[in-house]
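Residue-level listing of the chains:
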Amino acid sequence: MRLPAWLPLLWLLSLWLLLSPRAKGLRGREPGRLRAFVVPHSHMDVGWVYTVQESMQAYAANVYTSVTEELSRGKQRKFIAVEQEFFRLWWSRVATDIQKQQVHQLVKEGRLEFIIGGQVMHDEAVTHIDDQILQLTEGHGFLYETFGVRPQFSWHVDPFGASAATPTLFSLAGFNAHLISRIDYDLKEDMQKAKKLQFVWRGSPSLAESQEIFTHVMDQYSYCTPSYLPFSNRSGFYWNGIAVFPNPPEDGIYPNMSVPVTDASLRLYAQTMVANIKERAAWFRTQDVLWPWGCDKQFFNSSVQFANMDPLLAYINNHSEEFGVTVEYATLGDYFRALHDRDVTWSTRNQQDFLPYSSEPFQSWTGFYTSRSSLKGIARRASSLLYAGESMFTQYVRKKPQGGLSTAESLEQLRQLRWAVAEVQHHDGITGTESPKVNDMYLHNLIEGMFAVKKLMVSIISDIFRAEKKEEPAKPGSEEGPCAVVYNPLAWTITTFVTVTVGSPHVTVFDELGRPVPAQIQNSTDSQFTYDLYILATIKGLSYRRYYIKAADKFEEAHQKSASIARVFHFGRKSKKSSSQVSCKQLFPVINDCYSILMDQATNLMHSITERESNQTIQVTQQFLEYKVNADLEHGPISDNYLFTPDGSAVQASDVVGLEIVAGKLVTEIRQYFYRNFTEKDYAYAVYSRIYNTPQGYDGKLLCHRIEQVYRVGPLELNREAILRTSTDLNNRQVLYTDNNGYQIQKRTYKTYVNNTVARNYYPMVQTAFIEDNRSNLVLLSERSHGVSSQGNGQIEVMLHRRLWNNFEWDLNYNLTLNDTSVVQPIFWLLVGPKPVTTALYQMSRMALEHRPVVILEELPIHSQMPLGYLQKDAPALPPNLHLQILSIPGWQYSLNHTEHLQNLQKGHRKESGPDLSRVLLRICHLYEVGEDPDLSQPVTVDLKSLLQNMGTVALVEERSLTGTWDVKDLNRWKWKTAKFEGQEN
C-alpha cells in the first residue's frame, strides 16, 4: 500500500485487519428573523477539583438519570452528552434496563446527541497526539458498539488554547465541524468585531484542504448561559442551582437556584434572553445563533431546568414577531446543519494554532505547560508501556491462538491502562490544574494500570519461554539467574543502551546464545549502594532479547569478558564569579564519534559542542535560573496551576557548580551539581549528560548523535518557577520552533506586549523544540511536556518545575495553589548540527525517546545455545520515515458491516462469543511533512503482507477512519464553500 508524501505525522492510516488462525434544507421561517439554537448541556470535568467518584455521587449520575427521564417526557427537548467516562460509568453501574431502552430511543430520534465522543474533553496544549487518538478511540468504540452512532462534531469549549493538530485529528475521525472557545482575549475581541469567528481550518500544512474542517469559535460568553439577570441577584437560567458535594441535599433545594419562571418573571426572562441572542448575532455572519444553555455541573435536576425553560421558549416563539427571534431546543448537529445549508462562502485559516492563551492582560495560561511535571512524566510513561503491551499481546494472540493465557483477562489488563491513560488526557488532568486529591486519583489509576500491563507482559514472556523450552533438549547443569528481557516496541531495529541496577560492580552479561555482550558499569546517581549497568542491545522491531546477568569470575575479568568499569574524575566546585579573574579559558573535551563537547574547567559549565562530521561548532552554555512570582493579590498578579506571571526576569539559581566525569569505554557521563553558594552542603539542581560509543559492528547512528540529559530539580523554594536556559551563539533572532502535540511544528516569533511579555512568549513543547540559524540547529527532544521560550537571541529555555502558593480565594477554596514539593527528573535528548543532519535524525530519535525498550527483570534458567527470542523471527521493519502508531486488538464485538450492525442493535442482538481477536487495528503514519526533507518526505510503499507475515495470513484489509468506526468508503464528510483564490486568514 502506497503512503503519499502529503501524509505527515498523522495520516494515521487506520486499518482493520482480519487475520486467519495462523443534508436537508432549512425549515421554513420568515426572512430576517434570528433563529436561536438552544443547546442544553452540562460541562462535567473528569477530575479537576473533585475525583470521578465524588462527582458521580454528587451530580454526574443524576445528570444522565434526570435528562433521560425529562427528554422522554417532552418530545421537543434535546441534550448533548460530551465526556464518555461519566456516561459509561452511569451506563454500566447506575442505569436500569428501562433507562437504557429510553437512551437507545432518544439517540435514534436524534434528541440525545453524543458530541466529541471521547472518554474526556482532552487538553490541546500538553497532550500527545497518540493519547488523543487513544481516548477518542476508546469512547468511539463504546458508542458505536452500543448505539451504532459515530460522533460528527466537536465541542472543545474548555481546553486552554487551541492546537492546529486538533482540526486534523477530528477531520480524520470523520467529524464535519469543530468548535473551540478559549483563544486570546484580544484576538477574540477583534474576530468578534470583524465577524471572523467562523472559518474553514486547514490545520495540517501537508494535508491542507483534504482534511479541512469548518470551525466555530465561541463568542465572549463561551459555553455558559449568561449568568447576569437585571431583575435578580441570582444567577440566570440555572434553575437547578449549584451542585452540592459530597451528597445531593435530601430536600432537593440547592444553592443559588434561579428565580422560577412565573407569570411575573416570564417576560423579564424573555427580554433578557432575546437581548443576549441579538448581541451574539451581531458577531456572526448568518441569522443562526448558537445559544448554549448550561455550564459546569448543570442538569443534575433536569426536571426543574426544563420545567422553567419550556414556557420561556414558548413565550418567545409566541411573540417572535415582536422580538424578531425564534428559539428551539437543538443539538450541536442541528446548528451546524443549518449553517452548512446556507449559501455562504467561508474564509480559510492555515496551520497556525491559537497558543498560547491569555484571558486577560496579566492572565497568561502558560504555567500549566509545566505544572505537576511528575504527573506529566508518569502519564507519558504509562502511554508508552501501553503501546508496547498492545503490540506484544497482539502478536502473542496471533501466533499462539491456543496459548496458555486467558485472552479475556489479558484484554481487561490492557483496558485498565487504556482507561487510565485516556482519563488523564482531560483538560484539567495532564495539565496539572487539578486539586491534589484528583492528582492522586490520576496517579493511582495510571500506576495500577501500568502494573496490570507489566504483569501481562511478564505472563506473555513466561508463556513464550515455556514454549521455547519444550523445543530444546535439557541442558546439563542448568541454573537460574537474573535475566533482563528487553522488548522493542518500535517497528524498526534499534541499537541502544538499557540500564539495569545491580548490587556489585563485577558482573558479566550474556545473550541468548551465551555470547558476552558489551556492557559498562558505574556508580549510581540514585544510591551509593548500587551500580548502573549499561547493556548495549540491538533488537529488531516488535521483538525482544534476553540478557543474562551473573557475577563475573576472575577468568572473565582477566580476559575482559566482564562489564567494563567506568572511572570517575572529580573537578571540585567552581564559581562563575571567580572564573572571571582567569585570563584564558581552560577547556577539555568529552568526545564520542559524533560530538566533541568542550567543558570549561574554570566554571565547570559546558562551553561548546562540535558536530564532528561537519566540523561545525556551536557555543553552548547551560544554567539553571528561577522566576520569582508574587503570592499576594494586593501586590499584583499571581501565578498558579494555570497562570505564569513572573515578577521580573529570571535570576541565577546557583553560583557554584561541582563537576564529575564518569569515563568509560561505552558511556561517558558528565555530572554537574549546582549549588546556591559555596557554603551549601546539598546541591539545588543537577544535570547528568551522557554520550555513547558503539563498538565496531553495531549501527550506532542514532545512539551516537544524541546527548542524553537527565535533570534533577526540586524540591523548590516556595513561589519559584525553575528553568534551564541553554545559551548559544546561534543567530535565531528569538525565533523558536515547537511541536503541536508531537504532530507538526509551529514557528514561534517573539512578540512584545504591553503587559506580561515573558509569559506570553512561552509555548508548549510536547516532544520537540529547536532553534536554528543559517548554519546549524540545536534540537531538544523531551519525554514529557514543558513550557519553552526563546527570551534572548540564541537562547532556548525550558521550564522544568513549579512550586506556588497565593492568597487568591478561588485558588484556596479549590486547593489549586500548586504547592508541589516533589523532585522531578525529566529527560532530554540534544541533537546538534547542520539542518540536514538534524532533520534526518530527529523524527526517529523522538520516537526512540518516547518508546524506549521495556525492560523486565526475571529469574530464568540460563541455557547455552538458547535460540534467539521468539519475537525476533520474521520481525517487521518499516522504513525510517514511517512509524507504526498502533498495533492492537481492541476487542470490540460489533459487525464490520454497518447495516448489519444496526440491524443487530435494533433486534437487541449482541455477540456473546466474546471479543473478536481476529480483528487488528493498525495505524501507520508518515513522519515527515511535504518539503521537510528531500528524501524522507517522499511517498513510501508498504507491503502489509510482508509487514505482518509473522501473525498469520491477512484475510481482509479495510481502510477505516482514525478511530476505526467508519469504513472510509462510506465516509462522506461535509464540504464547506470557500473562496478558491482568497488570501488565508492567519
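As annotated in an unreviewed UniProt entry, the protein is Alpha-mannosidase from Sarcophilus harrisii. We quote the UniProt Sequence similarities (unreviewed entry) comment for the protein here in full: "Belongs to the glycosyl hydrolase 38 family."

Attention now goes to the overall build of the protein. What the protein contains, in helices and strands, is 21 helices and 44 strands. For the protein, the spread of C-alpha atoms along the three principal axes comes to 100 × 70 × 60 Å. Taken across its 986 residues, the protein has 64% of its residues classed as buried. Looking at the protein as shown, the accessible area adds up to about 36,400 Å², and 50% of this sits on carbon and sulfur atoms. Between the averaged position of the 98 positive side-chain charges in the protein and that of its 105 negative side-chain charges there is a distance of 3 Å.

Counting buried residues in strand β27 (residues 656-663) gives seven out of eight residues, a clear majority hidden from the surface. As paired elements, strand β21 (residues 567-575) and β27 share eight bridges and run antiparallel to each other. Its bridge partner lying in β27, serine 575 is registered against valine 656. Taking the residues that link successive antiparallel strands as the turn, the β27-strand β28 (residues 667-675) hairpin has three residues.

Here we take up the UniProt feature "domain: Glycoside hydrolase family 38 central" (unreviewed entry) in the protein. As annotated in UniProt, the feature "domain: Glycoside hydrolase family 38 central" (unreviewed entry) corresponds to residues 363-446 in the numbering used here. Between the end C-alpha atoms of residues 363-446 there is a gap of 31 Å, over a span that is 67% helix and 2% strand.

Attention now moves to helix α11 (residues 373-399). When the terminal C-alpha atoms of α11 are compared, their 39 Å separation across 27 residues agrees well with the 39 Å that a helix rising 1.5 Å per residue should span. The buried fraction of α11 amounts to 25 of the 27 residues, a majority that puts the element mostly inside the structure.

With that out of the way, let us pick up the sheet that holds strand β15 (residues 494-502). The mixed open sheet is built from four strands, whose spatial order is β15-β18-β17-β20. Edge positions in the sheet fall to β15 and β20 (564-565), since each has one partner strand and no second. Sheet topology note: the β15/strand β18 (residues 531-539) ladder contains nine bridges and is antiparallel. Bridge pairing links isoleucine 494 to isoleucine 539 in β18.

One number sums up the size of the largest cavity: a volume of about 230 Å³. Lining the largest cavity are 19 residues, with Leu134, Leu386, Glu390, Ile886 and Arg923 sitting closest to its centre. Taken together, the residues that form the lining of the largest cavity break down as eight nonpolar, five polar and six charged.

Take the packing of helix α4 (residues 129-147) against helix α5 (residues 165-172) next. Put simply, α4 and α5 touch, their axes get as near as 11 Å, and they point 40° apart. For the element pair α4 / α5, the angle class is oblique. Read as a crossing pair, α4 and α5 show a hand that is right-handed. Side by side, α4 and α5 meet where Ile129, Gln132, Ile133 and Leu136 of the first sit next to Ala165, Leu169 and Phe170 of the second. Residues of the contact of α4 with α5, tallied by class, amount to six nonpolar, one polar and no charged.

Taken domain by domain, the protein consists of domain 1 (34-116 + 151-351), domain 2 (482-565), domain 3 (566-850) and domain 4 (885-970). Here the C-alpha centroids of domain 1 and domain 4 sit 33 Å apart. Each partner contributes to the interface: domain 1 provides seven residues, whereas domain 4 provides seven residues. Summing both sides of the interface, domain 1 and domain 4 together bury roughly 580 Å²; the carbon and sulfur share of this comes to 57%. Its largest share of buried area at the contact with domain 4, domain 1 owes to Leu172, Ala173 and Ser206, together 56% of the area lost on that side. Between the two partners, domain 1 and domain 4, sit zero salt bridges. Counting across the domain 1 and domain 4 interface gives three residue pairs in polar contact (both at pLDDT 80 or more). Tallied by class, residues from the side of domain 1 that touches domain 4 come to four nonpolar, two polar and one charged.

A few words on the pattern of salt bridges. Under the counting rule described, the total for this entry stands at 44 salt bridges. Among the salt bridges present, the one from arginine 73 reaches glutamate 69, with a minimum N-O distance of 2.6 Å. With arginine 73 and glutamate 69 both in helix α1 (residues 52-73), this residue pair falls four residues apart, about one helical turn. On the accessibility criterion, glutamate 69 (36% relative accessible area) is partly exposed. Aspartate 186 serves as the salt-bridge partner of arginine 760, at 3.4 Å between the closest nitrogen and oxygen. With arginine 760 in helix α17 (residues 757-760) and aspartate 186 in helix α6 (residues 185-193), this residue pair connects regions lying 574 residues apart in the sequence. Overall, the relative accessible area of 4% leaves arginine 760 in the buried class. With relative accessibility at 28%, the residue aspartate 186 sits in the partly exposed group.

Turning to the pairing of β28, a few remarks are in order. The buried fraction of β28 is high, at nine of nine residues. Alternating positions in β28 separate into two faces, Val667, Glu669, Arg671, Tyr673 and Tyr675 on one and Thr668, Ile670, Gln672 and Phe674 on the other, with burial throughout. Note that β28 and strand β29 (residues 685-692) share eight bridges and pair antiparallel. The residue of β29 that forms the bridge with phenylalanine 674 is tyrosine 685.

This brings us to the layout of surface pockets. Roughly 1,300 Å³ of internal volume is contained in the second largest pocket. If you trace the second largest pocket, you find 46 residues lining it, with Asp158, Arg182, Tyr223, Trp365 and Trp810 closest to the centre. Broken down by secondary-structure element, the contributors of at least two residues to the lining of the second largest pocket are α6, β12 (358-360) and α18 (809-814). It is α6 that contributes the most residues to the lining of the second largest pocket, four residues altogether. Residues of the lining of the second largest pocket, tallied by class, amount to 25 nonpolar, 11 polar and 10 charged.

Residues Phe237, Met273, Trp293, Leu312 and Leu533 are the most contacted members of the largest nonpolar core, which totals 162 residues. Looking at this core, the element that brings in the most residues is helix α13 (residues 436-471), giving 13 residues. Beyond its immediate sequence surroundings of up to four residues, methionine 273 is in contact with Val38, Phe237, Trp291, Leu312, Leu313, Ile316 and Val327. By size, the runner-up hydrophobic cluster in this structure holds 63 residues, among which are Tyr673, Ile691, Val713 and Ile771.

We now examine helix α2 (residues 84-93). Summarising burial for α2: eight of the 10 residues are buried, a large majority. In the core, the buried residues of α2 are packed alongside α1, β4 (79-81), α3 (97-109), β5 (112-114), α4 and α12 (407-424).

This brings us to the packing of aromatic side chains. Applying the stated rule across the entire model yields 66 aromatic pairs. Ring geometry for tryptophan 90 versus tryptophan 91: centroids 6.4 Å apart, planes at 55°, classification tilted. The same class applies to tryptophan 90 and to tryptophan 91, which are both buried. Relative to tryptophan 810, the ring of tyrosine 642 lies with its centre 6.4 Å away and its plane at 45°, an arrangement referred to as tilted. Of the two residues, tyrosine 642 is situated in the loop between β25 (616-628) and β26 (651-652) and tryptophan 810 in helix α18; the sequence distance between them amounts to 168 residues. For tyrosine 642, a relative accessible area of 5% corresponds to the buried category. Under the relative-accessibility criterion, tryptophan 810 is labelled partly exposed at 33%. Here a set of aromatic residues connected by ring pairs shows up, and it is made of Trp48, Phe160, Tyr357, Trp365, Phe368, Tyr369, Tyr642, Phe808, Trp810 and Tyr814. The aromatic ring of tyrosine 675 is capped on one face by arginine 573, whose charged end is 3.6 Å from the ring centroid. Above the plane of the ring of tryptophan 829 lies arginine 706, whose end atom (NZ or CZ) is 3.8 Å from the centre.

Cut-offs used in this document
Residues numbered from 1 in each chain as written. Predicted model: local features only at pLDDT ≥ 70, side-chain atom pairs only at ≥ 80, totals over all residues. Heavy atoms only, no water. UniProt positions renumbered as here; feature names shortened; annotations may be inferred. Helix = DSSP H or I, 4+ residues; strand = E, 2+ residues; numbered from the N terminus. Buried < 20%, exposed > 50% of the residue type's maximum accessible area, 1.4 Å probe, protein only. Areas by Shrake-Rupley, 256 points an atom, 1.4 Å probe, with all protein chains shown as cover. Lys, Arg positive; Asp, Glu negative; His and termini not counted. Charge placed at Lys NZ, Arg CZ, Asp CG, Glu CD. Pairing = 2+ DSSP bridges. Expected span 1.5 Å × (residues − 1). 1 Å grid on protein atoms, 1.4 Å probe; cavity = no way out; pocket = protein on both sides within 12 Å on 5 of 7 lines; lining within 4 Å. Points joined across faces, edges and corners; volume = space filled by probe spheres on them. Nonpolar A, V, L, I, M, F, W, Y, C, P; charged D, E, K, R; others polar. Axes fitted to C-alpha atoms, helices over the stretch in contact; angles between N-to-C directions. Parallel < 35°, antiparallel > 145°, perpendicular 65-115°, else oblique. Left-handed = near helix turned anticlockwise from the far one by under 90°. Contact = heavy atoms within 4.5 Å. Domains from an automatic or database assignment. Buried area = accessible area lost by both parts, 1.4 Å probe. Salt bridge = Lys/Arg side-chain N within 4 Å of Asp/Glu carboxyl O. Polar contact = N/O pair within 3.5 Å; in protein donor to acceptor, adjacent residues only side chain to side chain. Core = buried A, V, L, I, M, F, W, Y, C linked by side-chain atoms within 4.5 Å. Phe/Tyr/Trp six-rings, centres within 6.5 Å; stacked < 30°, edge-to-face > 60°. Lys NZ or Arg CZ within 6 Å of the ring centre and 35° of its normal.

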